[in-house]
Amino acid sequence: MCRALILAPPLLWLALFVAAPLAILGAIALSEPAAGIPPFASPLAWDGGWPRWQGTLASLAALVEDPLYAEAALRALRVAAVTGALCLAIAYPMALCIARARPERRPLLLLLVLLPFWTGFLLRMSAWIGLLRDEGWINGVLQGLGLTQAPLPLLYSEAALMLGMVHSYLPFAVLPLFATLSRLDPALEEAAAALGARPAMAFWTVTLPLSLPGAAAGFLLAFIPAAGEFVIPELLGPPEAQLIGRVLWAEFFQNRDWPLAAALALALLAVLVLPILLFQRLEVRR
Amino acid sequence: MHHPTLAGVRPEASFASTVANGRRCAMRRCGLIAGLGFLWAPILLLAGYAFSADRIPFQWGGLSLRWFGALAANDRLIEAAWLSLRVAAGAASLATLLGGLAGWALVRGGAFRGRAAFGALAGAPLVLPEVVTGLSLLLLFVALAGATGWPAERGATTVLLAHATLGTAYVAVVVQARLAGQAREMEEAAAALGAAPPIAFLTVTLPLMAPALVAGWLLAFTLSLDDVVVASFVSGPAGTTLPIYLFSRIRVGLTPEINALGVVILGVAGLALGAAAWALRPRRG
């Protein structure tokens, strides 16, 4: 009785604001675009008390027919995978160092990793724009040193996009890696050393395999938001880099094609479900 | 932690491995310093150039506070910032209440029908891409307005509801982690000593959850203050939050005012952290 009272508010909230919106998303993806507000016709019409199907698979079919969408999805997956891999490569030594630091120093080091978060995502993006653009800080320094004559086109490039992505999601990769590495018993690596393994060997055969779950979590925490990212490609990326998040945004806000935007959202979910399920199986096996 | 036999082996294994250890340690330290440098460099440059008089951001034109003055005189920005702070505080408070209940139910609620589905719903916003969350919530508000007439107009309220939903998922995770790490014995002891369930909850469970609730509130608050995508979908003309304003501003071009805003935010975050560190400082006696 008491438990039901505790359970009811979050359950009702989540049903209304998480489950219902996803169901509506599915319904709108099957509806016909229409002129009006809202700009679609519900897939079910009521005819004298009887429901009549008037939906269409046109939006879902358009995703398959127009190669633009598959390209946007693949490009988003590639950018997200590279982001995840770069984040891991940079985060791993950071997390290892924090995990092996003296316990009283760890909170400060973790804080230094997390604090950039509190400065505001858009402010960090504007800092990158200021650094990378033609008349920006980096080009100014390069020209000042006489290394380049004309400004290098740094902004609105794939490299700038990756830089922004890695900068935004790096802390997400550090935290789970730190959590895993700080729980490892240092005696394990010492045992390997005592048995004659060189440090590199002990790392490759003991520490690294044991930290894989943390690495997988860190990769996914960067990969998932990066795959649907809209703001970073819009502000830093090349105009032709149509990632799926950007295409969805354009279909919704510029073309006002809500059914197509909903279909794209479903496609994005479908693409992301696979890595998440793989990760869950990995967790269960552990 | 150290195994006794290993501790015994160490001295012989040692000199070469100590040297190697020291070198590895230095390498790792370089990795950490380089990583922190990468995270902090743009932020520190932004903060430094906020004090430059030049009209072009990131160009030095002598020390000046003029952009802080311009910031204070920018009514639209100030208005958006107040709206964002109010929305974030409301959303975080709602999220702490709902997420606290959800986290408690998932760890201490025992087995109930639909527990797995409930857990999946509570965790879903964590893995949904922002564009999907934003679009689906907007479609919900449109459907609700069509069916019930509410919300007649989208704006601050709808953004608050959307952010509360996101925050609930984060608070629930933090609370679950905290409760799962705590033994149940204390609550059982309270019950065995005759405390009625509400009393045991208020005097034992709630204090146990408190750090997670505070951390969750802060997390939900920052998420809300930082969100452009979900807010852009569910907001209307009357609900221009600070990120929506900044995003439209940055798309047009940079101004040094944004750098000045960065310094203000860093200062506030630093003050808040200092206050938290002071409140949580180790006490004697």
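Just so you know, the residues in each chain are numbered from 1, in the order the chain's sequence is written. Think of it this way: whatever chain is written first is A, whatever ligand is written first is 1, and the rest follow in order. Note on the predicted model: pLDDT of at least 70 is required for a residue's local features to be given, and 80 or more for side-chain atom pairs to be given and counted; whole-chain, interface and lining totals, by contrast, use all residues. To get the side-chain values, all heavy atoms of the structure are used, and hydrogens and water are removed first.

Describing the overall build of chain B
This is how it is decided: Only DSSP runs of H or I covering at least 4 residues are called helices, and only runs of E covering at least 2 are called strands; the numbering of each starts at the N terminus. Exposure categories follow from relative accessible area, calculated using a 1.4 Å probe and restricted to protein chains: below 20% of the type maximum is buried, above 50% is exposed, and the middle band is partly exposed. Contacts are residue-level and defined by heavy atoms, with any inter-residue pair within 4.5 Å sufficient. Surface exposure here means Shrake-Rupley accessible area, sampled with a 1.4 Å probe, where a residue is shielded only by the protein chains that are shown.
From N to C terminus, chain B includes eleven helices and zero strands. What you see in chain B, going N to C, is helices and strands ordered as α-α-α-α-α-α-α-α-α-α-α. The burial tally for chain B puts 46% of its 285 residues in the buried class. At a minimum sequence separation of 6, the contacts of chain B that also span at least 24 residues come to 68%. Counting only carbon and sulfur atoms, one obtains 68% of the accessible surface of chain B, whose full area is about 14,100 Å².

Some thoughts on the overall build of chain A
Keep this limit in mind: Computation of the radius of gyration draws on C-alpha atoms, with the globule rule given as 2.2 Å multiplied by the number of residues to the power 0.38. In this count, Lys and Arg are taken as positive residues and Asp and Glu as negative ones, while His and the chain termini are left out. Lysine's charge is taken at NZ, arginine's at CZ, aspartate's at CG and glutamate's at CD.
A count of helical and extended segments in chain A gives 13 helices and four strands. Over its C-alpha trace chain A gives a radius of gyration of 24 Å, far above what one expects of a compact globule, namely 19 Å for 286 residues. For chain A, the spread of C-alpha atoms along the principal axes amounts to about 80 × 70 × 35 Å. A burial count over chain A gives 49% of its 286 residues as buried. Taking the contacts inside chain A whose residues are at least 6 apart along the sequence as the reference set, 69% of them involve residues at least 24 apart. For chain A, the exposed area adds up to about 13,400 Å²; of that, 70% sits on carbon and sulfur atoms. Positive and negative side-chain charges in chain A, numbering 17 and 18 respectively, have mean positions lying 13 Å apart.

Focus: the environment of Phe40(A)
Residues and elements named next belong to chain A. Assignment of secondary structure puts phenylalanine 40 in strand 2 (residues 40-41). For phenylalanine 40 and aspartate 257, which are 217 residues apart along the polypeptide, the C-alpha to C-alpha distance reads 8.1 Å. The contacts of phenylalanine 40, once residues within four sequence positions are left out, are Ile28, Ser31, Glu32, Pro33, Ala34, Trp258 and Pro259.

Thoughts on the pairing of strand 3 (residues 44-47) of chain A
Residues and elements named next belong to chain A. Applicable threshold: At least two DSSP bridges between two strands are required for those strands to pair.
As paired elements, strand 3 and strand 4 (residues 50-53) share four bridges and run antiparallel to each other. Across the sheet, the residue bridging to leucine 44 is tryptophan 53, located in strand 4. Connecting strand 3 to the next strand, strand 4, in antiparallel fashion are two residues, including glycine 48 with a positive phi near 55°.

Side note on the confidence of the model for chain B
All names here are of chain B. Threshold: Here pLDDT means the predictor's own confidence in every residue, given as a number from 0 to 100.
In this model, chain B carries a mean pLDDT of 85, and residues with pLDDT of at least 70 account for 90%. Confidence scores differ between elements of chain B, with helix 1 (residues 4-49) showing the lowest mean pLDDT of 71 and helix 9 (residues 229-234) the highest of 95. Confidence over residues 1-14 falls short of pLDDT 50; this stretch has ten contacts with residues more than four positions distant or in other chains. The complex prediction reports pTM at 0.89, with the ipTM value standing at 0.89.

A few points about the interface of chain A and chain B
Heads up, the condition is: Defined here as a combined quantity, buried area equals the accessible surface (1.4 Å probe) lost by two parts on assembly, summed across both. In what follows, salt bridge is the name for a side-chain nitrogen of Lys or Arg lying within 4 Å of a carboxyl oxygen of Asp or Glu.
Taken together, the contact pairs 81 residues of chain A with 78 residues of chain B. For the pairing of chain A and chain B, the buried interface totals around 7,400 Å² over both sides, and the portion due to carbon and sulfur atoms is 83%. Interface area lost by chain A to chain B is led by Trp13(A), Leu122(A) and Leu123(A), which between them contribute 9%. Our count for the contact surface shared by chain A and chain B stands at two salt bridges.

As for the pattern of salt bridges
Between side chains of opposite charge, pairing is possible as soon as their charged atoms come close. In the structure shown here, the tally under the stated rule is eight salt bridges over all chains. Notably, a salt bridge pairs Arg108(B) with Glu187(B), separated by 2.4 Å at the nearest N-O pair. Of this pair, Arg108(B) sits in helix 3 (residues 75-108) while Glu187(B) sits in helix 7 (residues 185-192); the two residues are 79 residues apart in sequence, bridging distant segments of the chain. With relative accessibility at 9%, the residue Arg108(B) sits in the buried group. With a relative accessible area of 13%, Glu187(B) lands in the buried category. Each of Glu234(A), Arg246(A) and Arg251(B) takes part in one network of salt bridges that share partners.

Digging into helix 4 (residues 106-114) of chain A
All names here are of chain A. Cut-off, in case you're wondering: When we speak of the arc, we mean the arc of directions from the helix axis to the C-beta atoms.
If you check which residues of helix 4 are buried, you get Leu109, Leu110 and Val113. For helix 4, the arc enclosing every buried residue in end-on projection is 100°, short of the 170-degree limit, so these residues lie on one face. Exposed residues lying more than 90 degrees from the buried face of helix 4 are Pro107 and Leu108.

Here we look at the packing of aromatic side chains
Put simply, the test is: Only the six-membered ring of Trp is used, alongside the rings of Phe and Tyr, when aromatic pairs are assigned; centres must lie within 6.5 Å, and planes under 30 degrees apart are stacked while those over 60 apart are edge-to-face, with the rest tilted.
Under the counting rule described, the total for this entry stands at 21 aromatic pairs over all chains. On the numbers, 4.4 Å between centres and 35° between planes, the contact of Trp249(A) with Phe253(A) is tilted. Of this pair, Trp249(A) and Phe253(A) both sit in helix 12 (residues 244-254), four residues apart, which is roughly one turn of the helix. Of the residues examined, Trp249(A) reaches a relative accessible area of 6% and is grouped as buried. Where Tyr49(B) meets Trp60(B), the ring centres are 6.0 Å apart and the plane angle is 75°; that geometry is what we call edge-to-face. On the criterion of sequence distance, the pair formed by Tyr49(B) in helix 1 and Trp60(B) in the loop between helix 1 and helix 2 (66-73) is long-range, its members being eleven residues apart. Site record: aromatic cluster; members linked through ring pairs are Phe40(A), Phe230(A), Trp249(A), Phe252(A), Phe253(A), Trp258(A), Phe233(B) and Phe247(B).

So, unusual backbone geometry
Of note, the amide linkage connecting Trp150(B) to Pro151(B) takes the cis form, showing an omega dihedral of -5°. Of note in the backbone geometry, Tyr156(A) takes a positive phi value of approximately 55° without being a glycine. By the secondary structure assignment, Tyr156(A) is in the loop between helix 6 (137-144) and helix 7 (158-183). Even without glycine at this site, Arg256(A) takes up a positive phi of about 50°. Tracing the sequence through the fold places Arg256(A) in the loop between helix 12 and helix 13 (258-285).

Some details on the packing of helix 3 (residues 67-100) of chain A against helix 7 of chain A
All names here are of chain A. Applicable threshold: Fitting a line to C-alpha atoms yields each axis, with helices limited to the stretch in contact; the angle taken between N-to-C directions then spans 0 to 180 degrees. In these notes the angle categories are as follows: under 35 degrees is roughly parallel, over 145 is roughly antiparallel, 65 to 115 is roughly perpendicular, and the rest is oblique. Helix crossings get a hand from a simple test, with the near helix turned counterclockwise from the far one by less than a right angle marking a left-handed crossing and a clockwise turn marking a right-handed one. Side-chain classes are defined by residue name, with Ala, Val, Leu, Ile, Met, Phe, Trp, Tyr, Cys and Pro counting as nonpolar, Asp, Glu, Lys and Arg as charged, and the others, Gly among them, as polar.
Closest axis-to-axis distance for the helix 3/helix 7 pair is 6 Å, and the angle between their directions is 45°. Regarding the angle of helix 3 to helix 7, the classification is oblique. As helix 3 packs across helix 7, the resulting crossing turns out to be right-handed. Split by residue class, the contact of helix 3 with helix 7 holds 24 nonpolar, two polar and two charged.

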